Amino acid sequence: MTEVSEDLLIELREKCEKVQNLLEEESKRDPETEPYKSKYAAREILSDMKSCLTNLKDSVRSSDPLFEEIEAMYGSVLLLLGIVALETEELATGEEHLMNCLACMEDQSMHPKKVLIVLRALNQLGLLWSQRSDGTKSHGYLQQAEQLYNDYTDQVEEQPVDVYALFTSPDQTPAQTKGDSPLEKVHTLTLYYLAQVYGTLGNPLKSAVYCHNTLKRQLESKDYDMIEWALNSATLAQFFMEQNAFRQARHHLSAASYVLDKHDQELQTIECSEEELEAKKERLKHRGADVARCWAKYGIVLLSTSRDRLMEAEEGQSGDATPQRLRPPGELSGLQFSLLELSVYEDQVTDSFVLTYDDARTVFLNCQQWLGQAKLYYTLDDHASDHVRIIQDYSELYRNLVFFEDDEERQCKMHKRRVDLLEGVVKELNPTYFLTTCQELWFELGETYTAMVDIKLSKLEANSDTPSAHALQKVNHLAEQAIAAYNKFLDTLRDHKTKEIPDKFSPELERPGLLIYFYLAGLYRKLIAADKATKLANLKNSLKYYQKVVEYCQRHEGAKDSVSAELSACQDIVSLLPLKINKLAETVSH
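Anyway, here's the lowdown on the structure attached to this text.

1. Re the overall build of the chain
- Scanning the chain from terminus to terminus reveals 20 helices and zero strands.
- Burial analysis of the chain (590 residues in total) assigns 46% to the buried set.
- A separation threshold of at least 6 residues defines the contact pool for the chain, and within that pool the share at least 24 residues apart is 71%.
- With an accessible surface of roughly 30600 Å², the chain has 47% of that area assigned to carbon and sulfur atoms.
- Each charge sign in the chain was given a centre, from 66 positive and 96 negative side chains, and these centres are 9 Å apart.

What follows is the structure in structure tokens.
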């Protein structure tokens, strides 16, 4: 048996400690001009260690008990060299080190001194191939890591030795609990990476499950940034609500609020500088506003989905049962954080489909409160784009509540509130800098005014009495406001020199542009004229816009798919409306 010098082992230990300090501490203080200064210094030391361990391996027989320990040290140095190379953007070199690391660990990955080296190497290769946009290859490495963890925890009781601990004597290695063990931390990273990869591979359900499991493990280990964790939980809730998994969405939002409140309490007793404390409070306020927006989105989606469900039932599509498309996928059931008591947060809003106005109003009032909280942070002066999105959420909230309200006067008042919100913010924006946002707001204003027109007309038709001049004037005024809003949108499309609307809209504006033509055509038909000449002019304007849709689709074949239903209606009307116009023109000329 070959004796290994104690001095050599001490030297390796000291070098390893220096590498750890460079990578985990010194690198945080590297100047911007030399961002990899400490990593390069660590690389030099690791290269020396690699040479030393190579010679040591050659001098020790494989049957020697010391050989396994030296080989584990050698593999850990290759792993660290690979990680440093990846972090300094030398991807090919990093891959080579990592593959060599796995090769020297071959068939020994279940050994307590080697399993963590292999797991970390597999994780890094998974990350590398994800960065290279090869999700399939990334998934292969990460799946190996997941399987190795499962096999090791099933078959081996001994706690594995971490990479740096291989160079320390056993009596210097601190005791570890299961929650903070390196094995559990590495496995949590594996699950986190898998969640991202499943997303890129087009499997969002599996991605969501892995995201949840990552969050759950972080919670159990108490090894997480509370703000980041809350934001991730709230973001995951967005996916759940899109899948109609409202119970899971509410649970994850509640967990986010719980953790933020806990963090707020901790800030009351934390010991740090005043400047640092203010920065922490500002971060909490910022992310608290984001979680409040996620809560509001939950309420809005719950109301809109409930509305769709009731409309389908009314049309006889689903009877009393919940349509299949509204049922959450089975894979999402049971995703809970059992360690947290969340009933206080969950009880504030339902996770069931809304059926009545009173139920809808309860959700509405909660959403108003959440949006109000978000608006305190996202002010128009400091966060214009986010502020506008919040105003649009307010508008959407009212639009959904209208469906559950039977009284037409109250419906109109809700739409009027939408108008006030939208006009209040669009007049504060400069279209030069917020063009797309202004277009969205004008489009929504046009829709809102049109909804009010339809309510007023419906009320007039239901009333057998002759409508008053004021009632007719009100309809026309609302229609004209809708027309004005849509025209403001169209004006932004005009050529700066010719002032003409282009022959072809850009792809993202093609459907909105054609819809505006279609809506304008309908609005001109809804205008109530006191005399035949005005009625004739309105019908001609209506025909003009119907023809614009038809002619545009004739010139640009691809546009038909974006407005197929509207195009069919336009074609029918264009063939019939001229007859009506000609008859009316004859009565006007006589």
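2. Details of the layout of surface pockets
- Taken as a whole, the second largest pocket holds about 720 Å³ of empty space.
- Along the wall of the second largest pocket there are 27 residues; nearest its centre are T188, Y192, T214, L215 and Q218.
- For the lining of the second largest pocket, the leading source of residues is helix 8 (residues 204–221), giving 10 residues.
- In the lining of the second largest pocket, the residues fall into 10 nonpolar, nine polar and eight charged.

3. Details of unusual backbone geometry
- Residue N244 is not a glycine yet carries a positive backbone phi of 65 degrees.
- Topologically, N244 is positioned in the loop between helix 9 (226–242) and helix 10 (246–267).
- Classification of N244 as buried rests on a relative accessible area of 12%.
- Despite not being glycine, K499 has its phi angle at roughly 65 degrees, a positive value.
- Turning to its location among the elements, K499 is positioned in the loop between helix 17 (469–491) and helix 18 (507–526).
- On the basis of relative accessibility, which here comes to 53%, the residue K499 falls in the exposed class.

4. Let's talk about the packing of helix 7 (residues 182–200) against helix 8
- Packing of helix 7 against helix 8 brings their axes to within 8 Å, and their N-to-C directions diverge by 155 degrees. The orientation of helix 7 with respect to helix 8, classified from their angle, is roughly antiparallel. As helix 7 packs across helix 8, the resulting crossing turns out to be left-handed. Contacts between helix 7 and helix 8 involve E184, H187, T188, L191, Y192, L194, A195, Y198 and G199 on the former and, on the latter, P204, K206, S207, Y210, C211, N213, T214, R217 and Q218.
- Looking at the contact of helix 7 with helix 8 residue by residue, the class counts come to eight nonpolar, seven polar and three charged.

5. Quick word on the packing of helix 15 (residues 408–426) against helix 16 (residues 435–462)
- Close contact between helix 15 and helix 16 brings their axes to 10 Å; oriented N to C, the two are set at 160 degrees. When the axes of helix 15 and helix 16 are compared, the pair comes out roughly antiparallel. The two elements helix 15 and helix 16 meet at a crossing, and its hand is left-handed.
- The class makeup of the residues in the contact of helix 15 with helix 16 is 13 nonpolar, four polar and eight charged.

6. Some remarks on the pattern of salt bridges
- Across all of its chains, the model carries 28 salt bridges by this definition.
- E90 is the partner of R43 in a salt bridge, and the nearest nitrogen-oxygen pair spans 3.1 Å. Taken together, the positions of R43 in helix 2 (residues 37–59) and E90 in the loop between helix 3 (65–87) and helix 4 (91–104) put the pair 47 residues apart, joining distant regions of the chain.
- Owing to a relative accessible area of 27%, E90 belongs among the partly exposed residues under this scheme.

7. Details of a positive patch on the surface
- There is a patch of like positive charges on the surface, built from R525, K532, K535 and K580.
- Within the secondary structure, K532 sits in helix 19 (residues 532–555).
- K532 sits in the partly exposed class, given a relative accessible area of 48%.

8. Let's talk about the side chain of S38
- Its location among the elements puts S38 in helix 2.
- Setting aside anything within four residues of it in sequence, one finds S38 in contact with L22, E26, S27 and D30.

9. Regarding the environment of E228
- With respect to the helices, strands and loops of the structure, E228 is situated in helix 9.
- Sequence separation of E228 and L260 is 32 residues, and the distance between their C-alpha atoms is 9.7 Å.

10. Topic: the packing of aromatic side chains
- One pass over the structure, following the stated rule, counts 24 aromatic pairs.
- Judged by centre distance (5.3 Å) and plane angle (20 degrees), the rings of F505 and Y552 are stacked. Taken as a pair, F505 in the loop between helix 17 and helix 18 and Y552 in helix 19 lie far apart in primary sequence, 47 residues in all. Grouping residues by exposure puts F505 and Y552 together as buried.
- One aromatic cluster is present, built from ring pairs that chain together F443, Y486, F489, F518, Y519 and Y546.
- It is K137 that lies over the ring of W129; its NZ or CZ is 4.2 Å from the centre.
- The ring centre of Y378 lies 5.0 Å from the NZ or CZ of R293, which sits over that ring.

11. Brief notes about the environment of E71
- Structurally, the position occupied by E71 is in helix 3.
- Judged by relative accessible area, E71 falls into the buried class, the value being 8%.
- Linking E71 and T54, residues 17 residues apart in sequence, is a C-alpha distance of 8.9 Å.
- Once you skip the residues sitting within four places of it in the chain, E71 turns out to touch K57, C104, M105, Q108 and K114.

12. With respect to the environment of E508
- Residue placement: E508 occurs in helix 18.
- Remark: the alpha-carbon pair of E508 and E423, spanning 85 residues in sequence, is separated by 24 Å.

13. Structural notes on the nonpolar core
- Within the largest apolar cluster, 120 residues are counted, with the highest numbers of intra-cluster contacts made by F240, L253, Y298, L332, L445 and L514.
- In terms of residues, this core owes the most to one element, helix 11 (residues 274–314), which gives 13 residues.
- Once you skip the residues sitting within four places of it in the chain, L332 turns out to touch L205, A208, V209, F239, F240, Q243, A245 and Q248.
- With 53 residues, the next largest nonpolar core counts V77, Y141, A145 and L148 among its residues.

14. Observations concerning the state of the cysteines
- Under the definition given, this model contains zero disulfides.
- With no disulfide of its own, C294 lies closest to C367 among cysteine sulfurs, the gap being 12 Å.
- By relative accessible area, C294 is classed as buried at 12%.

15. Focus on helix 5 (residues 115–131)
- With 17 residues, helix 5 extends 24 Å between its outermost C-alpha atoms, agreeing within 8% with the 24 Å of an ideal straight helix rising 1.5 Å per residue.
- Note on helix 5: the residue one or two positions beyond its end, S133, has a positive phi of about 65 degrees.

Here is what the cut-offs are and how they apply
Residues numbered from 1 in each chain as written. Predicted model: local features only at pLDDT ≥ 70, side-chain atom pairs only at ≥ 80, totals over all residues. Heavy atoms only, no water. Helix = DSSP H or I, 4+ residues; strand = E, 2+ residues; numbered from the N terminus. Buried < 20%, exposed > 50% of the residue type's maximum accessible area, 1.4 Å probe, protein only. Contact = heavy atoms within 4.5 Å. Areas by Shrake-Rupley, 256 points an atom, 1.4 Å probe, with all protein chains shown as cover. Lys, Arg positive; Asp, Glu negative; His and termini not counted. Charge placed at Lys NZ, Arg CZ, Asp CG, Glu CD. 1 Å grid on protein atoms, 1.4 Å probe; cavity = no way out; pocket = protein on both sides within 12 Å on 5 of 7 lines; lining within 4 Å. Points joined across faces, edges and corners; volume = space filled by probe spheres on them. Nonpolar A, V, L, I, M, F, W, Y, C, P; charged D, E, K, R; others polar. Axes fitted to C-alpha atoms, helices over the stretch in contact; angles between N-to-C directions. Parallel < 35°, antiparallel > 145°, perpendicular 65-115°, else oblique. Left-handed = near helix turned anticlockwise from the far one by under 90°. Salt bridge = Lys/Arg side-chain N within 4 Å of Asp/Glu carboxyl O. Patch = residues over 30% accessible without salt bridge, like charges linked within 9 Å, V, L, I, M, F, W, Y side chains within 5 Å. Phe/Tyr/Trp six-rings, centres within 6.5 Å; stacked < 30°, edge-to-face > 60°. Lys NZ or Arg CZ within 6 Å of the ring centre and 35° of its normal. Core = buried A, V, L, I, M, F, W, Y, C linked by side-chain atoms within 4.5 Å. Disulfide = S-S within 2.5 Å. Expected span 1.5 Å × (residues − 1).

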